[in-house]
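Here is how the chains run, residue by residue.
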Amino acid sequence: LSLLAGPHGVDRYTELVDPMWTSEIRATVVRVRRSTPRSVTLWLQPNHPVAPSRATIPGWGGRAGQFLTVTVEVDGRRHSRCYSPANAEGVQLIELTIARHDGGVVSEHLFLAARPGMTVGLSKPAGDFVLPPQRPRRLLLIAGVSGITPVMAMVRTLQEEGGPHVSTYDGE
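Residues numbered from 1 in each chain as written. Predicted model: local features only at pLDDT ≥ 70, side-chain atom pairs only at ≥ 80, totals over all residues. Heavy atoms only, no water.

## Things to note about the overall build of the chain
The condition that has to hold: Put simply, DSSP H or I for four residues or longer makes a helix, DSSP E for two residues or longer makes a strand, and each gets a number counted from the N terminus. For every residue, the accessible area (1.4 Å probe, protein chains only) is compared with the maximum for its type, and the residue is labelled buried under 20%, exposed over 50%, or partly exposed between those bounds. Whether two residues are in contact is decided by their heavy atoms, any of which lying within 4.5 Å being enough. Only the protein chains shown count as cover for residues, with accessible areas throughout obtained via the Shrake-Rupley method and a probe of 1.4 Å.
Each helix and strand in the chain was counted, giving three helices and six strands. Listing every helix and strand of the chain by position from the N terminus yields α-β-β-β-β-β-α-β-α. Taken across its 172 residues, the chain has 38% of its residues classed as buried. Counting only contacts in the chain whose residues sit at least 6 apart along the sequence, the fraction spanning at least 24 positions is 61%. As displayed, the chain offers around 10500 Å² of accessible surface, 55% of which is attributable to carbon and sulfur atoms.

Given below as structure tokens:
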């Protein structure tokens, strides 16, 4: 079938019917919330599990603290940017909160154009900033700026697991 499809492969024809019918990892935006003038939160449903080589974690397959590369098409060109999901491990949807950056092609596009039904490209989860498999009895997590989102995912994961009491301090 690939030989008959020519140089582009079968995916290039099936995605004309539905952008999610492809072997590439993609996601559909299912919910959008603009809660501040400079950020947008997206909930994404991947077209198939985006777990790395092992599919041991239910849901979207990533571990709390990892990141994904999101790819969007703007003016006929693909642009990519890394974002850390904020949700706990094992949930079905990927939750991304994206801060709008002046001159940021991807963040600006997603802030202005994201809507339910939109399709974005995704990478497999990556990164080693994750909770240890054997959860410690006590854990201190300190974060600032871009590290807040992965830590939030870790805290949410620990809460979902019913682990130790989680305390937070917002610096005030």
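## Notes on unusual backbone geometry
For D75, which is not glycine, the phi dihedral falls at a positive 50°. If you trace the backbone, D75 turns up in the loop between β3 (68-74) and β4 (77-83).

## Some details on the sheet that holds strand β6 (residues 119-122)
Where strands meet in a sheet, backbone hydrogen bonds hold them as pairs that are either parallel or antiparallel. Our working definition: Between any two strands, pairing holds if DSSP finds at least two bridges. To obtain an axis, a line is fitted to C-alpha atoms, over the contacting stretch when the element is a helix, and the angle between two such axes runs from 0 to 180 degrees between their N-to-C directions.
Pairing in this open sheet of six strands is antiparallel, and the strands run β4-β3-β6-β1-β2-β5 from one edge to the other. Edge positions in the sheet fall to β4 and β5 (94-99), since each has one partner strand and no second. Here the strands of the sheet are splayed against their neighbours by 40° on average, with no regard to which way each runs. In this sheet, β4 lies alongside β3 in antiparallel orientation, the contact comprising seven bridges. Bridging from a neighbouring strand, T69 pairs with C82 of β4. Lying over the sheet, helix α2 (residues 105-113) contacts β1 (26-36), β2 (39-46), β3, β4, β5 and β6, oriented at roughly 70° with respect to β3.

## Considerations on α2
One turn of the α-helix equals 3.6 residues, which is why residues spaced by three or four share an orientation. To keep it simple, the criterion reads: Starting at the helix axis, one direction is taken to each C-beta atom, and the arc is that of these directions.
Burial in α2 covers these residues: V106, S107, L110 and F111. Burial along α2 is one-sided: seen end-on, the buried residues are contained in an arc of 125°. Those residues of α2 hidden inside the fold are in contact with β1, β2, β3, β4, β5 and β6.

## Brief notes about the packing of aromatic side chains
Where two aromatic rings form a pair, the distance of their centres and the angle of their planes describe that pair. The following threshold applies: Classification of ring pairs rests on two measures: the distance between centres of Phe, Tyr or Trp rings, Trp counted by its six-membered ring, which must be within 6.5 Å, and the angle between planes, read as stacked under 30 degrees, edge-to-face over 60 and tilted in between. By definition, being over a ring means that NZ of Lys or CZ of Arg is both within 6 Å of the ring centre and within 35 degrees of the ring normal.
Applying the stated criterion to the full structure yields zero aromatic pairs. Sitting over the ring of W43, R31 keeps its end group 4.1 Å from the ring centre. The ring of F111 has R34 sitting right over it, with the charged end atom 5.9 Å from the ring centre.

## What to know about the nonpolar core
Test applied: Take the buried residues of types Ala, Val, Leu, Ile, Met, Phe, Trp, Tyr and Cys, join any two whose side-chain atoms come within 4.5 Å, and each joined set is a nonpolar core.
By size, the foremost hydrophobic cluster in this structure holds 21 residues, and its most contacted members are L42, L44, V70, L110, V120 and L122. Listed by contribution, the elements that provide at least two residues to this core are β1, β2, β3, β5, α2 and β6.

## Observations concerning the pattern of salt bridges
Filter applied, for reference: By salt bridge we mean one thing: a side-chain nitrogen of Lys or Arg within 4 Å of a carboxyl oxygen of Asp or Glu.
If you walk through the whole model with that rule in mind, you get five salt bridges. Across the pair R135 and E89 runs a salt bridge, and its minimum N-O distance is 3.9 Å. One end of the pair, R135, is in the loop between β6 and α3 (148-160); the other, E89, is in the loop between β4 and β5, with 46 residues separating them in the sequence. Of the charged contacts in the structure, one is a salt bridge between R100 and E108, with a shortest N-O distance of 2.8 Å. Look at the salt bridges and you will find they share partners, linking E89, R135 and E161 into a network.

Any functional reading would require information that these geometric values do not contain.
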